[in-house]
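Geometric and topological summary
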Amino acid sequence: MKQFIIFVRKEFYHIFRDRKSLLIIIMMPVVQIILFGFALTNEIKDSNIAILDNSKDVATAEIIHRLDASRYFSVARNLNTQKDIETAFKTGKIRLVVVFQPGFQQTLLHTNHAQVQLIADATDPNTATTVTNYATNIIRDYQNDLNVLVATPYMIAPQIRMLYNPQLKGAYNFVPGVMAMILIIISAMMTSVSIVREKEINTMEVLLVSPLKPLLFILSKAIPYMFLSLVNVSTILIVSVTLLEVPINGSLLLLMLEALLFITTAVSLGLMISNVTASQQTAQMISLLGLMLPTLLLGGFMFPIESMPKPLQFMSNLVPSKWFFIIVKNVMIKGLGFKMIWKETLILLGMTLFFLSISLSKFKTRLA
Amino acid sequence: MPSIAVENIIKKYGSKKEPVTALDDVSLEVSKGELFGVIGPDGAGKTSLFRILTTLLLADSGTATVDGFDVVKQYKEIRNRIGYMPGKFSLYQDLTVEENLRFFATIFNTSIQENYELIKEIYVQIEPFKDRRAGKLSGGMKQKLALCCALIHRPSVLFLDEPTTGVDAVSRKEFWEMLKALKQQGISILVSTPYMDEAELCDRVALIQSGKIMSIDMPQHIIQKFTKTMWSVRSAEMVRLLNDLQHYSNTEKCYAFGEFHHLVLKNESGGKDEILQYLQHLAHHEIELHLAQPNIEDCFIELMGNNKS
């Protein structure tokens, strides 16, 4: 036990005395979350829209007010004729024009069915889709509010239902993704590098020639970095709740436990890497290329897995991050309980045990 | 029972088709409390021998015991009772002197206090810097600290692989004095070095070259076995002198040795005058020529020549 404590303490000395690396480890998740959450977001804010209101009644006024009040739109112009629409788009400043039919409210109240035309500037098709989606949702909101009071429902817009993320917030996808990526990098890379460093400076030879048990060695290497990774999980969660306004809908305890499981997976991958490498650079390269790239490409948060070719879809099943990504999305965003993620948890647990048993059995008690 | 017994150890590296022999049928014995030196140039196989004895490598054939325990079957026993300082051992650079020592003490299931007596004489020299990081110590101090770390659990056999490489002359001398003191404590020491002058400080030495042991004996005996007459020669033009002497028909061997060239003749009948005559004939001036006392290095070169032929 004494051996274990002093070894863990030594690892923390290494971590805390290397100020630059420590700063990188602590700040990396914050910077990445902010980058992905704000700078690289595909969310569109404060789009200028124009209104062609042929009805000018209470209902249209309310819808226009709601559009303007949302953070996605600001009403820049009111148009008078159909011709004005084209001129408005030609300025390049207007992303969307909302056209109300004449007698909008009357039609709605009598036939229960009214139409709103959403014309988007489709030179940028992605933005156009997003913008029309936002508008559709706002209009549907209004329609729902109306329908609370009446028996026969009013219909305004086509039904497009977007689950869980009605505002198409980009951060919802990025938080679980960044979490998976950070944990893989920190846990796997740091663990492997710290073991390989012992080989590089020849202290490994002395440790091998000591009564220290291999299991104790591996544990003392893993635990400091598991702790550090948990700190990272906490910062990611704090930043995403406070800055990105992504709530934790499910159980925080369950989320932390699942994160701990994934950290263990990453650490055991790091142990495996350290078994086959002899220099810190190689360990770093393998961790980056072998773990970070699959996480980014096949983890499911950058590119949707469903739209990949079949062989890649199959390969993505071998990437632990994919399963962790699903778990975090389900627990954190959808607020689901353990019942809904036990399969993914079991897969992750199996992978962890597999990697751990390999790295333990391959641990060399001699040099060659 | 000898502290270390090595019998017919063979170790090869590389592929089966083109193996590189690191140790070729090596046998030696180190008795209790002996300071035994393994002397040889880089690549002679010293480190391989050390790693086999410290249970870090497996030999291809042959057997070895340390403290009576087999290095393959009973390696765990050995790991409990030996001290090992690998070559280029650099400790933890970002830990202080005291932290390094405490770490290794605890890893070996002991404490600094328990065996302080053993390392006291060495440790007092670095104790003023105990809060300094190991990376900021001088080379000599690092070696002293490394030695303390290897000794802290009072090993019965101490393995030091090139402990004085890269250390200044004064620290080297101090280091060897420490080893002598440790010997008094009954610790057997196996030490390797590429420096021939350090051989004379060991009780017995093994001269090793290309994986083969050429001679095992007390340093004095090895020198005594060198029965040929040896000359030291110097002149104003050292490079030309060496070349001329090597082409001299009566030269058996001539090589640079510090400020002089060492010369062994095939036939001593002509004596000093014959050499002088030859050199003066070749217009060398400021010639200095006298009989030299052979040392271990001369013996090593002599043995190397015998091995090749």
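Here, residues in each chain are numbered from 1, in the same order as that chain's written sequence. The order in which chains are written sets their letters, starting at A; the order in which ligands are written sets their numbers, starting at 1. This being a predicted model, a pLDDT of at least 70 is required before a residue's local features are given, and a value of 80 or more before pairs of side-chain atoms are given or counted; all residues contribute to the totals for chains, interfaces and linings.

A word on the overall build of chain B
Rules: Numbered from the N terminus, helices here are DSSP runs of H or I no shorter than four residues, and strands are runs of E no shorter than two. What counts as a contact here is a pair of residues whose C-beta atoms, placed from the backbone, lie within 7 Å.
Looking only at helices and strands, chain B has 10 helices and 14 strands in total. Taking the principal axes of its C-alpha atoms as reference, chain B extends roughly 70 × 45 × 35 Å. A separation threshold of at least 6 residues defines the contact pool for chain B, and within that pool the share at least 24 residues apart is 69%.

As for the overall build of chain A
What counts is decided by this rule: The globule rule used here is 2.2 Å times the number of residues to the 0.38 power, and the radius of gyration it is set against is calculated over C-alpha atoms. The exposure scheme places C-beta atoms from the backbone and then counts, for each residue, the other C-beta atoms within 10 Å of its own, assigning buried at 20 or more, exposed at 12 or fewer, and partly exposed in between.
Looking only at helices and strands, chain A features 14 helices and four strands. Compactness check: chain A gives a C-alpha radius of gyration of 27 Å against a globular reference of 21 Å for 368 residues, more than 25% above the reference. Relative to its 368 residues, chain A shows a buried fraction of 36%.

Some remarks on the confidence of the model for chain B
Close inspection of predicted coordinates is inappropriate for parts of the model with low pLDDT. Note the following rule: Values of pLDDT, ranging from 0 to 100, describe the predictor's confidence in every residue of the model.
Looking at chain B, pLDDT values average 89 and 98% of them are 70 or higher. Interface confidence for the predicted complex, expressed as ipTM, amounts to 0.84; the pTM equals 0.76.

A closer look at the domain arrangement of chain A
Stated precisely, the cut-off is as follows: Boundaries between domains were set according to an automatic or database domain assignment.
For chain A, the assigned domains are domain 1 (2-40 + 169-362) and domain 2 (47-147). For domain 1 of chain A and domain 2 of chain A, the distance between their C-alpha centres works out to 46 Å.

Concerning the pairing of strand β2 (residues 20-30) of chain B
All names here are of chain B. Basically, it comes down to this: Think of it this way: DSSP has to see at least two bridges between two strands before they count as a pair.
Strand direction decides the pairing type here: strand β1 (residues 4-13) and β2, joined by seven bridges, are antiparallel. Looking at the pairing, Lys-11 lines up with Leu-23 of β2. Once β1 ends, the chain turns through six residues before running back antiparallel as β2, passing Gly-14 with a positive phi of about 85°.

Some points on the sheet that holds strand β10 (residues 212-217) of chain B
Residue and element names in this part refer to chain B. Put simply, the test is: Axis lines are fitted to C-alpha atoms, over the contacting stretch for helices. Their N-to-C directions set the angle, which ranges from 0 to 180 degrees.
Strand order in the open sheet made by the six strands is β6-β7-β8-β3-β9-β10, with mixed pairing throughout. Each edge of the open sheet carries a strand with a single partner, namely β6 (82-85) and β10. Averaged over all pairs of adjacent strands, the angle between their axes in this sheet comes to 15°, without regard to strand direction. Across four bridges, β6 lies against strand β7 (residues 157-161) in parallel orientation.

Topic: the pairing of β10(B)
Inspection of the sheet shows strand β9 (residues 204-209) of chain B paired to β10(B) by five bridges, in the antiparallel sense. Following the sheet pairing, Leu207(B) is matched in β10(B) by Ser215(B).

Thoughts on helix α9 (residues 271-281) of chain B
In terms of burial, α9(B) is largely open, as just one of its 11 residues are buried. Once α9(B) ends, the next one or two residues include Ala283(B), with phi positive near 65°.

Re unusual backbone geometry
Residues and elements named next belong to chain B. Positive phi outside glycine occurs at Asn-8, with the angle close to 50°. Looking at the secondary structure, you find Asn-8 in strand β1. Phi at Ala-283 takes a positive value of approximately 65°, unusual for a residue other than glycine. Examined against the element boundaries, Ala-283 turns out to sit in the loop between α9 and β14 (288-291). By the C-beta count within 10 Å, which is 9 here, Ala-283 ends up exposed.

Re the interface of chain B and chain A
At the junction of the two partners, chain B supplies 23 residues and chain A supplies 22 residues. For the side of chain B that touches chain A, the elements supplying multiple residues, two or more each, are α2 (75-81), β6 and α3 (97-107) of chain B. Tallying contributions element by element places α3(B) first for the side of chain B that touches chain A, with four residues.

Some details on the nonpolar core
Counted only if it meets this: Core membership is restricted to buried Ala, Val, Leu, Ile, Met, Phe, Trp, Tyr and Cys residues, and these are joined into a nonpolar core through C-beta atoms within 7 Å.
In this structure, Leu183(A), Cys148(B), Phe159(B) and Ile189(B) are the most contacted members of the largest nonpolar core, which totals 138 residues. No other element matches helix α7 (residues 171-200) of chain A, which puts 17 residues into this core. If we ignore the near neighbours within four places in the chain, the residues touching Leu183(A) are Ser229(A), Asn232(A), Ala259(A), Phe262(A), Ile263(A) and Ala266(A). One finds Leu96(A), Leu108(A), Ile119(A) and Ala135(A) within the second-largest nonpolar core, a separate group that totals 23 residues.

Things to note about the sheet that holds strand β5 (residues 69-70) of chain B
On the basis of which strands lie adjacent, the open sheet formed by four strands has the order β2-β1-β4-β5 (chain B) and antiparallel pairing. Where the open sheet ends on each side, the last strands, each with one partner, are β2 and β5 of chain B.

Here we look at the packing of helix α4 (residues 116-126) of chain B against helix α5 (residues 139-151) of chain B
Residue and element names in this part refer to chain B. Applied cut-off: Any angle that falls under 35 degrees is termed roughly parallel, while one over 145 is termed roughly antiparallel, one within 65 to 115 roughly perpendicular, and all others oblique. Less than a right angle of anticlockwise turn of the near helix away from the far helix marks a crossing as left-handed, whereas a clockwise turn marks it as right-handed.
α5 packs onto α4 with a crossing angle of 150° between their chain directions and a minimal axis gap of 10 Å. Considering the angle they form, α4 stands roughly antiparallel to α5. As α4 runs across α5, the sense of the crossing is left-handed. Residue-level contacts link Leu-118, Ile-119, Ile-122, Tyr-123, Gln-125 and Ile-126 of α4 to Met-141, Lys-144, Leu-145, Leu-147, Cys-148 and Leu-151 of α5.

What about the environment of Ile15(A)?
Mapped onto the elements, Ile15(A) comes out in helix α1 (residues 2-17). Taking the C-alpha atoms as reference, Ile15(A) lies 12 Å from Ile223(A); in sequence the two are 208 residues apart.

A word on the packing of α3(B) against α5(B)
Residue and element names in this part refer to chain B. Heads up, the rule is: Classes in brief: Ala, Val, Leu, Ile, Met, Phe, Trp, Tyr, Cys and Pro nonpolar; Asp, Glu, Lys and Arg charged; the others, Gly included, polar.
Where α3 contacts α5, the axes come no closer than 8 Å and their chain directions differ by 25°. Here α3 is positioned roughly parallel relative to α5, judged by the angle of their axes. Crossing geometry of α3 relative to α5 is assigned as right-handed. Between α3 and α5, the residues in contact are Val-97, Asn-100, Leu-101 and Phe-104 and Leu-145, Cys-148 and Cys-149, respectively. A per-class count over the contact of α3 with α5 returns six nonpolar, one polar and no charged.

Describing the confidence of the model for chain A
All names here are of chain A. Taken as a whole, chain A shows an average pLDDT of 83; of its residues, 90% reach a score of 70 or greater. Per-element confidence in chain A is highest for helix α10 (residues 252-276), whose mean pLDDT is 92, and lowest for helix α4 (residues 83-90), whose mean pLDDT is 79. Predicted confidence for residues 158-166 stays below pLDDT 50, and this span has seven contacts to residues more than four positions away or in other chains.

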